[in-house]
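# Descriptive structure summary
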Amino acid sequence: MATSRCCRSVVAATVSAALFSAGLSVLATTPTLAQGTTADEVPVAASRAFVVPVTGVAGRLITDLGPHSSRLRGQMLFEQRRDASGAVALVLRDVNLLGQSVPTSRGPTGPHSLRFGPGAPVPVVVDPATGRLVSSMVLLGHYALIDRLVGTKQISRDQWAPFSESFGGELRARLNMSGLLPDAPATFTGHVRLKLAAPVAGAIRELEFTVPPTPIAWLPPACDARGAAFRVLPIQPVFVRHGPDDVWPTGGSFDTLLEHAQAVWNKACVTLVARRPLWIDDGALKVLDGNDEDVALRDGEQGAADTVEVYVVASAPIFGGPATYGSGAGSAHVIIGDDTLTADPPSLNALAHEIGHVLGLCHPGVGELWCNTGNIVLVEGSPGTVMEPSGADADNPDLQSLDNCLNVASPLLVYRRLYCCLRPDCESDCTAELQ
Ligand SMILES: [Zn+2]
């Protein structure tokens, strides 16, 4: 079974056990490590989470051409957990960031993205007397220049993953202490500084940014052990036609495929929000039967950098079906044919399956080692679920598993302040997964 991001052990830094109930006077205790306590042991139902939005802050990136400014946006997700003894721990659970291109001697980096890396979630050391927070972090970074210089790795027939770089560093922040009482309004101020730790192309050497005083956003409490924060994945459909007068444009399958993908990923508290379609006026790209057409279709990537582009062609025989590039990174995009619905049987869940690749899942059984590229952390999907490859004469299952739900990761995911319960289902191993 794949390792859940939720279940990697961390030693929790704790503040007062009475934090939730007894007001601020009890907070003047030195943060201590709860010996032998791990995040695994803390009931998820007791957790509360808050989001710190990063809204268009000016990041400072250092390349071989010196420092450059890059506007960054994204979110940091913190979670408070309380164990059976009442001890409260604050952990940094997720970081997603998207940034603008910066110049290097080998060309512009292209849009870059960062997401949480191995070891998540990580403990946050809290000084209750001052409200100061300190946390280390490792983020996985990717930018288009890496693809051009190093290439990508084909993991399976329909999945290409980028090589990414890891950046290690530290968050230093301040949160007025009422912010540690659930639902209390609070202001977060912080600074993140990261250095390239494991290079692939090595174009971005350092990255730092300051979060100015920003109100935190508490998420609603989870319903039970299956609760999770509600996440949005923005989708940008891109259709192909000869021109505006084309009576046979592509894209006719998109609404149906999206509806099925929505049903599957809603179980994982991920909702897909599609923007208005964009059009490529080049009829030669309706049928992808050569590498040049594949490259021409994706060249210059349509849409905004904060979306998953879903290119809908008539058919893509070059791939033998749908395909996903940029798995697990901000550059992720899907190519899918309208003929997925005219196949016998129709592949109703084909887009749902590819979205799983977008969110960093591989086919079950592909092997954890082969699933990863460079420093990027992809995870095998669960057997019998939507991540099962369909084969030639079948549709992908519409089933989810708790591991699938908890292992998805993408810099493109956006946390929303909505209540959500995971609804994982699978044919055989759900009971085992929930124990
Ligand atoms: Zn696949």
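Residues numbered from 1 in each chain as written. Predicted model: local features only at pLDDT ≥ 70, side-chain atom pairs only at ≥ 80, totals over all residues.

## A word on unusual backbone geometry
The linkage connecting aspartate 344 with the following residue, proline 345, adopts the cis geometry, with an omega of 0°. Not every positive phi belongs to a glycine, and cysteine 269 is a case in point at roughly 60°. For cysteine 269, the position within the fold is in the loop between α2 (254-266) and β17 (270-274). (Helix = DSSP H or I, 4+ residues; strand = E, 2+ residues; numbered from the N terminus.)

## A closer look at the packing of α2 against helix α4 (residues 350-358)
In a packed pair of helices, the relevant descriptors are the angle between the two axes and the axis-to-axis distance. Between α2 and α4, whose axes approach to 7 Å, the crossing angle comes to 55°. Comparing their axes, α4 and α2 come out oblique. Crossing of α2 over α4 shows right-handed handedness. Counting all contacts with α2, which are made through Leu257, Leu258, His260, Ala261, Val264 and Trp265, the residues of α4 involved are Ala350, Leu351, Ala352 and Ile355. Classifying every residue of the contact of α2 with α4 by side-chain character gives nine nonpolar, one polar and no charged. (Axes fitted to C-alpha atoms, helices over the stretch in contact; angles between N-to-C directions. Parallel < 35°, antiparallel > 145°, perpendicular 65-115°, else oblique. Left-handed = near helix turned anticlockwise from the far one by under 90°. Contact = placed C-beta atoms within 7 Å. Nonpolar A, V, L, I, M, F, W, Y, C, P; charged D, E, K, R; others polar.)

## Some thoughts on the nonpolar core
Among the nonpolar cores identified, the biggest contains 112 residues, and Phe78, Leu139 and Val313 are the most heavily contacted of them. In terms of residues, this core owes the most to one element, strand β5 (residues 88-99), which gives eight residues. Two domains share this core, each providing at least three of its residues, namely domain 1 (5-218) and domain 2 (230-434). Sequence-distant contacts of valine 313, defined by excluding residues within four places in its chain, comprise Val240, Thr250, Leu285, Lys286, Val287, Leu288, Ile335 and Gly337. (Core = buried A, V, L, I, M, F, W, Y, C linked by C-beta atoms within 7 Å. Buried ≥ 20, exposed ≤ 12 C-beta atoms within 10 Å, placed from the backbone. Domains from an automatic or database assignment.)

## Section: the pairing of strand β3 (residues 48-63)
When β3 meets strand β4 (residues 66-82), the two strands line up antiparallel, connected through 14 bridges. The residue bridging valine 54 from the neighbouring strand is glycine 74, located in β4. Pairing of β3 with strand β15 (residues 217-218) involves two bridges; the strand directions are antiparallel. The residue of β15 that forms the bridge with valine 51 is alanine 217. Direction of pairing for β3 relative to strand β14 (residues 206-215): antiparallel, over a ladder of three bridges. (Pairing = 2+ DSSP bridges.)

## Remarks on the confidence of the model for the protein chain
Here the protein chain shows a mean pLDDT of 81. Residues at 70 or above account for 81%. Ranking the elements of the protein chain by mean pLDDT puts strand β1 (residues 11-15) last with 28 and α4 first with 97. Taken as a whole, residues 1-45 scores under 50 in pLDDT and shows 94 contacts with residues more than four places along the chain or in a different chain. Ignoring residues within four places in sequence, the model shows residues 427-435, a span with pLDDT below 50, making 10 contacts including any to other chains. (pLDDT = per-residue confidence, 0-100.)

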